[in-house]
Amino acid sequence: MKTPIRKKKPGNTLRRWSRVIHRDLSFFFAGVIIVYALSGILLNHKSDFNAEYSLRQHPLHMAGPYPLERSLIDETRVMQELLIPFEEDGNYTHHYFPDEHTLKVFLKGGSSMVVDLRNGEGLYEEVRRRPLLSGLNRLHYNPHRWWTVFSDIFAGSLVVITLTGIVMNKGKNGIMGRGGIELILGIVIPLLFLVFL
């Protein structure tokens, strides 16, 4: 007696392929999702935390007698008394006098020094790029044409991941049950923000 051949239902085939595609794309793009999520959080809170640069302030002192004469302050003296102690002598760009009592020194990378010529006291503002966090932000801004192409593929894949996730489950947990309610809520919440904010 022959065993009857069961015909595969179209819905079951769709769900099976959805699981395969959903799983593989999710694994492949997991790292990119984390990068965009972390950099998105950093960008959301850039007024609270500077993910690009760290800023540190250090007191400094320039040798007297006081008041210091502007005419006696040249690049060599700035190098010897201000930059070398902080190991910044290779980063000097220029200096100027914003007023009669102030010397300002500019360094590569955004760091700077300010000295009060009346007493030699000053402040060194050290600016350093945060290596990992600034890189995450740079990727979020699409720094290169090929990264833009990859980002477009990633964005399209997110749509596929979402659609396959919607049809994977059936019954009370699927789109006709709890899943459908969650889907509607996920659409309504951004729309409410658009309307009321």
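Criteria and thresholds
Residues numbered from 1 in each chain as written. Predicted model: local features only at pLDDT ≥ 70, side-chain atom pairs only at ≥ 80, totals over all residues. Heavy atoms only, no water. Helix = DSSP H or I, 4+ residues; strand = E, 2+ residues; numbered from the N terminus. Rg over C-alpha atoms; globule rule 2.2 N^0.38 Å. Buried < 20%, exposed > 50% of the residue type's maximum accessible area, 1.4 Å probe, protein only. Contact = heavy atoms within 4.5 Å. Areas by Shrake-Rupley, 256 points an atom, 1.4 Å probe, with all protein chains shown as cover. Lys, Arg positive; Asp, Glu negative; His and termini not counted. Charge placed at Lys NZ, Arg CZ, Asp CG, Glu CD. Salt bridge = Lys/Arg side-chain N within 4 Å of Asp/Glu carboxyl O. Pairing = 2+ DSSP bridges. Axes fitted to C-alpha atoms, helices over the stretch in contact; angles between N-to-C directions.

Each helix and strand counted, the protein has five helices and five strands in total. When the helices and strands of the protein are read in sequence order from the N terminus, they spell out α-β-α-β-β-β-β-α-α-α. Here the C-alpha atoms of the protein give a radius of gyration of 30 Å, more than 25% beyond the 16 Å that 2.2 N^0.38 yields for 197 residues. Counting all 197 residues of the protein, 27% fall into the buried class. When contacts within the protein are restricted to residue pairs at least 6 apart in sequence, those whose partners lie at least 24 apart make up 55%. Carbon and sulfur atoms provide 64% of the accessible area of the protein, an area that totals close to 14200 Å². Charged side chains of the protein number 24 positive and 18 negative; the gap between the two group centres comes to 33 Å.

Next up on the list: the pattern of salt bridges. Counted under the stated rule, the structure contains eight salt bridges. A salt bridge links Arg-70 to Glu-100, with the nearest nitrogen and oxygen atoms 3.4 Å apart. Of the two residues, Arg-70 sits in the loop between strand S1 (53-61) and helix H2 (75-83) while Glu-100 sits in the loop between strand S2 (92-99) and strand S3 (102-107), which places them 30 residues apart along the sequence. Under the relative-accessibility criterion, Arg-70 is labelled partly exposed at 34%. Assessed through its relative accessible area of 55%, Glu-100 is described here as exposed. Salt-bridge contacts for Glu-81 lead to Arg-77; the nearest nitrogen and oxygen are separated by 3.1 Å. With Glu-81 and Arg-77 both in helix H2, this residue pair falls four residues apart, about one helical turn. Here Glu-81 falls in the partly exposed class, since its relative accessible area comes to 25%. Arg-77 gets classed as buried once you look at its relative accessible area, which sits at 15%.

This paragraph deals with the side chain of Asn-137. Within the fold, Asn-137 resides in helix H3 (residues 131-140). A relative accessible area of 4% places Asn-137 in the buried class. Asn-137 has contacts with Ser-39, Leu-42, Leu-43, Ala-51 and Glu-52, leaving out every residue within four places of it along the chain.

Note: S2 against S3, five bridges, orientation antiparallel. Looking across to S3, one finds that His-95 is bridged to Val-105. With antiparallel pairing between neighbouring strands as the criterion, S2 and S3 make up a hairpin whose turn holds two residues.

This part is about the sheet that holds S3. Read across the sheet, five strands follow the order S1-S5-S4-S3-S2 without closing on themselves; strand pairing throughout is antiparallel. Since the sheet does not close on itself, it has two edges, and those belong to S1 and S2, each with one partner. Going from strand to strand, the sheet's axes swing by 15° on average, the running direction of each strand aside.

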